[in-house]
Structure formats: C-alpha cells, structure tokens
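Chain residues, written in single-letter form:
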Amino acid sequence: PSQDDLKRVAAHRAVELVESGMVLGLGTGSTAIHALDRIADLLRRGTLTNIVGVPTSKKTEAQALALGIPLVDLNSHPSIDLSIDGADEVDPHLNIVKGRGGSLLREKMIEGASKRFVVIVDDSKLVPRLGGSGLAVPVEIIPFGWEYTLGKLKKLFDGVTGFDAKLRMSKKVGDVEIDVTDNLNYIVDLYFENGIELDLGSISDDILRITGVVEHGMFLGMATEVIIAGKDGIKVMKK
Ligand code: DER
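Now for a quick tour of the structure. Keep in mind it's a predicted model, so treat the numbers as computed, not measured.

## Things to note about the nonpolar core
One finds Val 18, Leu 24, Ile 84 and Ile 120 to be the most contacted residues of the largest nonpolar core, which totals 24 residues. Elements that contribute at least two residues to this core include exactly helix 1 (3-15), strand 1 (23-26), helix 2 (32-45), strand 3 (80-85), strand 6 (114-122) and strand 14 (225-230). Contacts of Val 18, omitting those with residues within four sequence positions, involve Leu 24, Leu 48, Ile 51, Leu 82 and Ile 84. Ranked by size, the runner-up nonpolar core spans 23 residues in total, among them Val 137, Val 188, Phe 192 and Ile 196.

## Some thoughts on the environment of Tyr 186
Its location among the elements puts Tyr 186 in strand 11 (residues 186-192). For the pair formed by Tyr 186 and Gly 53, sequence separation is 133 residues and the distance between their alpha carbons is 26 Å. Sequence-distant contacts of Tyr 186, defined by excluding residues within four places in its chain, comprise Val 139, Glu 140, Ile 141, Pro 143, Trp 146, Leu 167, Ile 178, Asp 179, Val 180 and Thr 181.

## Points about the site of the ligand
What surrounds the ligand is a group of 15 residues, the closest being Thr 28, Ser 30, Gly 101, Glu 107 and Lys 125. At a separation of 2.7 Å, an oxygen atom of the ligand approaches a polar side-chain atom of Thr 31. Contact distances for the ligand include 2.6 Å between an oxygen atom and a backbone N or O atom of Gly 101. Relative to its free-state accessible area of 350 Å², the ligand is covered by the protein chains to the extent of 91%. Its residues placed into classes, the shell around the ligand shows 1 nonpolar, 8 polar and 6 charged.

## Digging into the sheet that holds strand 11
Spatially, 8-11-7-12 is the arrangement adopted by the 4 strands of the open sheet, whose pairing is antiparallel. Looking at strand neighbours, the two that pair on one side only are strand 8 (163-167) and strand 12 (213-216), the edges of this open sheet. Between one strand and the next, the sheet's axes are offset by a mean angle of 25°, whatever the strand orientation. Bridging between strand 7 (residues 137-141) and strand 12 involves 3 bridges; their strand directions are antiparallel. Paired with Val 139 across the two strands is His 216, which belongs to strand 12. Strand contacts of helix 6 (residues 200-208): strand 7, strand 11 and strand 12, with the helix running at about 155° to strand 12, the strand carrying the most contacts.

## A look at helix 5 (residues 146-156)
The set of residues buried in helix 5 consists of Thr 149, Leu 150 and Leu 153. An end-on view of helix 5 places all buried positions within 105° of arc, on one side of the element. The exposed set on the far side of helix 5, more than 90 degrees from its buried face, consists of Glu 147, Tyr 148 and Lys 155. Elements that come into contact with the buried residues of helix 5 comprise strand 7, strand 8, strand 11, helix 6 and strand 12.

## Focus on the sheet that holds strand 2 (residues 52-55)
Overall, mixed pairing links the 6 strands, which are arranged 2-1-3-6-14-15 in an open sheet. Single-partner strands in this sheet number two, and they are strand 2 and strand 15 (233-238). Taken over all neighbouring pairs, the strand axes of this sheet differ in orientation by 20° on average, direction set aside. Sheet topology places strand 1 next to strand 2; 4 bridges connect them, and they run parallel. From the neighbouring strand, Gly 25 faces strand 2, where its bridge partner is Val 54.

What counts as what
Residues numbered from 1 in each chain as written. Predicted model: local features only at pLDDT ≥ 70, side-chain atom pairs only at ≥ 80, totals over all residues. Heavy atoms only, no water. Core = buried A, V, L, I, M, F, W, Y, C linked by side-chain atoms within 4.5 Å. Buried < 20%, exposed > 50% of the residue type's maximum accessible area, 1.4 Å probe, protein only. Helix = DSSP H or I, 4+ residues; strand = E, 2+ residues; numbered from the N terminus. Contact = heavy atoms within 4.5 Å. Near = heavy atom within 4 Å. Polar contact = N/O pair within 3.5 Å; in protein donor to acceptor, adjacent residues only side chain to side chain. Areas by Shrake-Rupley, 256 points an atom, 1.4 Å probe, with all protein chains shown as cover. Nonpolar A, V, L, I, M, F, W, Y, C, P; charged D, E, K, R; others polar. Pairing = 2+ DSSP bridges. Axes fitted to C-alpha atoms, helices over the stretch in contact; angles between N-to-C directions. Arc of directions from axis to C-beta.

As structure tokens, this is what we get:
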C-alpha cells in the first residue's frame, strides 16, 4: 500500500468512532483530509446525522465547506466530543509533534477542548523520541520582535549539539517571504539532530515562558489514542 493508502486506512478507522450528534474537531493535513472525506461520505449516505465540525485551519474549513460538513466554532461549541487529526511525530508515550503544516495553534486549542483526541498516522511518523525525525518542532511566535524571540529560543538550547532554529519562510510566486499562519503569526522551526534528550515538560515550560512565543507544536499527553496504519495492518496505542 502507498503511504497515502495507509493514511486513508488510519483515517477511516478513526471515523468509526464518530457517532451521530457529535461535535467534532476537524484536523489539518494530508491524513486528516481522508477523515473529512469519510465523514462527508457517511453524512451523504445518512449513516451519520446531526454532525457539526470545528475546523483547525482555514484549509480544513474550506475542505469541510466544499464537502458540506456543517461547521461551528469554539465560541459556540467549547466542549468537543472527538477530534481526529494527524501528527508529524509520535513517541512511545503518545506525545506528538504537530504543526509542520502551520496549524498548531488552532489545533492545540481545539484538541485541548476535546473529550477525546484520536491521532491518525502512517507508521513513518513513529519516533523513539520527539524531534527525532530530524524535522522541525514548530513554535508559533508573534511577528513583533521576531528576531529577538528567535534569539531567546536559540539561547534556550545553547550548547545542545546539532540544535538549530529558523524562521519559517515560504516561496510565494517568485520571491521567498516569511510564512504567516492563519492567526497572522510567524513560525520558528526548532531542529534537534538527535531528538530532544531533555525533559519534554520542562522544555515546554521554558519555550512558553518566552514572552513573544504563543505556542509550540509538542502536544504532550493530549492524545487519548493513536491509530497507526502500517503495511502489516493497524495498531492502536491507548493512553
Ligand atoms: O501541521 C499539522 O499539524 C498536521 O496535522 C501534521 O501534524 C500532520 O500532517 P500530515 O497528516 O500531512 O502528515
């Protein structure tokens, strides 16, 4: 099966947990796309009824609108029954990294307001420790004083070998410019060559203590279960 097939398998398994009448947190990314497609399909067939979704990004809002999934927001629906979303990394303790798609802030708010948060991944996302995939741990920061904030983040990890922190840029037509999130903020990507070998909780506190930082992409102890699709089938990790 292709990686996208695996993502679809994990997504469809998660959607089996959706019951009519639920308020759903709708995730963002190439795996969550399959969950939205499946939910819309079951709504069309009448298998599911009376579902409303809270989208975790403008991208997901657009997909849900196109699919005809009724949408509400966090203000009118502060308690969410079930959120389904992908992840960039999953460690053995169900800690995850999210946000490589830039949606971490709204995802963390919505998934933090959910009674149940089911993560859907193909097995390529499994890591022995967070930051281990050599890819980024994103941090959302306000644009004001971004270089100052970047410096504070770098200082936090002074002396950690192989550490780097970079402002996320995106290539619009022609020139490269600073990437801007749905919340009009910037993202700094943290890179740890050998993964984060320090205590995740204290790293989280240290990052959030920097005034210009809004939130980071380590979702510690938030997932209630992780559905992992591999070529040998599906595994479910529960908290
Ligand atoms: O950017 C995000 O937070 C996405 O949800 C990411 O964590 C997973 O995206 P993927 O399913 O496309 O890998």
